[in-house]
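An overview of the molecular structure
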Amino acid sequence: MKRFLACSFVAFLFSSAANATGFYVGVDALSADANHQARNIYSSSGPKNNDKQGDSKFNYGLNAGFRLDLLNLYGSAELFYDNLQTSARNFQSSSGQTSEQGSDIQLSNRYGAKANVGFAILPRITPFLTYGLTNVNYSSNVLSSHQSNSKSQMTPLYGVGLLVDLPLGISLKASYDYQQFNMSYAESGAKIKTGLGVAKLGVIYNF
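Here's a quick rundown of the structure. (Residues numbered from 1 in each chain as written. Predicted model: local features only at pLDDT ≥ 70, side-chain atom pairs only at ≥ 80, totals over all residues. Heavy atoms only, no water.)

Turning our attention to the overall build of the protein chain. Tallying secondary structure elements over the protein chain gives one helix and eight strands in all. The buried share of the protein chain, taken over its 207 residues, is 43%. Considering only contacts in the protein chain between residues 6 or more positions apart, those separated by 24 or more positions represent 65%. (Helix = DSSP H or I, 4+ residues; strand = E, 2+ residues; numbered from the N terminus. Buried < 20%, exposed > 50% of the residue type's maximum accessible area, 1.4 Å probe, protein only. Contact = heavy atoms within 4.5 Å.)

Pasting the structure below:
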């Protein structure tokens, strides 16, 4: 009897998860991992060439989009916002001395659009691929020379994910995406090559 009830409950979960074609909104818990490398071959100021720094932060993200389900195929177009707040401090200076005043790079947030495409391998369980474009807002500060710089960088991202549909229009989504781009440092001629990986676990409501 217990086995019958358990099987019936599982069947209910899958059968009552209605087709989710339509608009949706979601919220994510995210882990942002940023790694920076100075690329200042021709610069006599700023971080030392090839000096590396990194930082990881837990934060949150928001998303909204439109989803289309056709047989076992899944696709969605999505707008998103991610709060990052990663900060890498104390790059070595070009003179070979470590800055004691906290020269840093900070990624504050990013927003953009992306497309997700997938194929259901089991009822209501769908792995997918992601491609998108984001605008990353960042700042650099060199306290020793009182220079600061706030800019944004448009860059593509690539990723993978897994979507699990539940009853009552609820879906769970796990994803990971990666992007790489160059940033301008506060001091003239200095560049920073940045790799940003973001892992997310979120809940979606399908209208």
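What follows covers the nonpolar core. By size, the foremost hydrophobic cluster in this structure holds 18 residues, and its most contacted members are Leu107, Met183, Ile192 and Leu196. Taken together, the elements giving at least two residues each to this core come down to strand S1 (22-38), strand S3 (73-89), strand S4 (104-119), strand S5 (125-142), strand S7 (170-184) and strand S8 (191-206). The element that contributes the greatest number of residues to this core is S1, accounting for four residues. Tyr24, Tyr74, Phe128 and Ile204 belong to the second largest nonpolar core, which has five residues in total. (Core = buried A, V, L, I, M, F, W, Y, C linked by side-chain atoms within 4.5 Å.)

Here arginine 110 shows up in strand S4. Take arginine 110: its relative accessible area is 0%, and that puts it in the buried class. At a separation of 2.8 Å, a polar atom in the side chain of arginine 110 contacts the side chain of aspartate 82. At a separation of 2.5 Å, a polar atom in the side chain of arginine 110 contacts the side chain of glutamine 179. (Polar contact = N/O pair within 3.5 Å; in protein donor to acceptor, adjacent residues only side chain to side chain.)

Here the second largest pocket is characterised by a volume of approximately 160 Å³. What lines the second largest pocket is a set of 13 residues, and nearest its centre among them are Asp69, Leu71, Ala120, Arg124 and Thr126. The set of elements that each furnish at least two residues to the lining of the second largest pocket consists of strand S2 (52-70) and S3. Split by residue class, the lining of the second largest pocket holds six nonpolar, three polar and four charged. (1 Å grid on protein atoms, 1.4 Å probe; cavity = no way out; pocket = protein on both sides within 12 Å on 5 of 7 lines; lining within 4 Å. Points joined across faces, edges and corners; volume = space filled by probe spheres on them. Nonpolar A, V, L, I, M, F, W, Y, C, P; charged D, E, K, R; others polar.)

In terms of strand pairing, S1 meets S8 through 15 bridges, oriented antiparallel. Its bridge partner being in S8, aspartate 33 is matched across the sheet by glycine 197. (Pairing = 2+ DSSP bridges.)

Let us now look at the pattern of salt bridges. What the rule picks out here adds up to eight salt bridges. Among the ionic pairs, arginine 67 bridges to aspartate 165, the shortest N-O distance being 2.6 Å. Of this pair, arginine 67 sits in strand S2 while aspartate 165 sits in strand S6 (residues 147-165); the two residues are 98 residues apart in sequence, bridging distant segments of the chain. In this structure arginine 67 comes out as buried when scored by relative accessible area, which is 3%. Using a relative accessible area of 6% as the deciding quantity, one classes aspartate 165 as buried. Linking aspartate 82 and arginine 110 is a salt bridge whose minimum nitrogen-to-oxygen distance equals 2.8 Å. With a gap of 28 residues between them, aspartate 82 in strand S3 and arginine 110 in strand S4 connect regions that are remote in the sequence. (Salt bridge = Lys/Arg side-chain N within 4 Å of Asp/Glu carboxyl O.)

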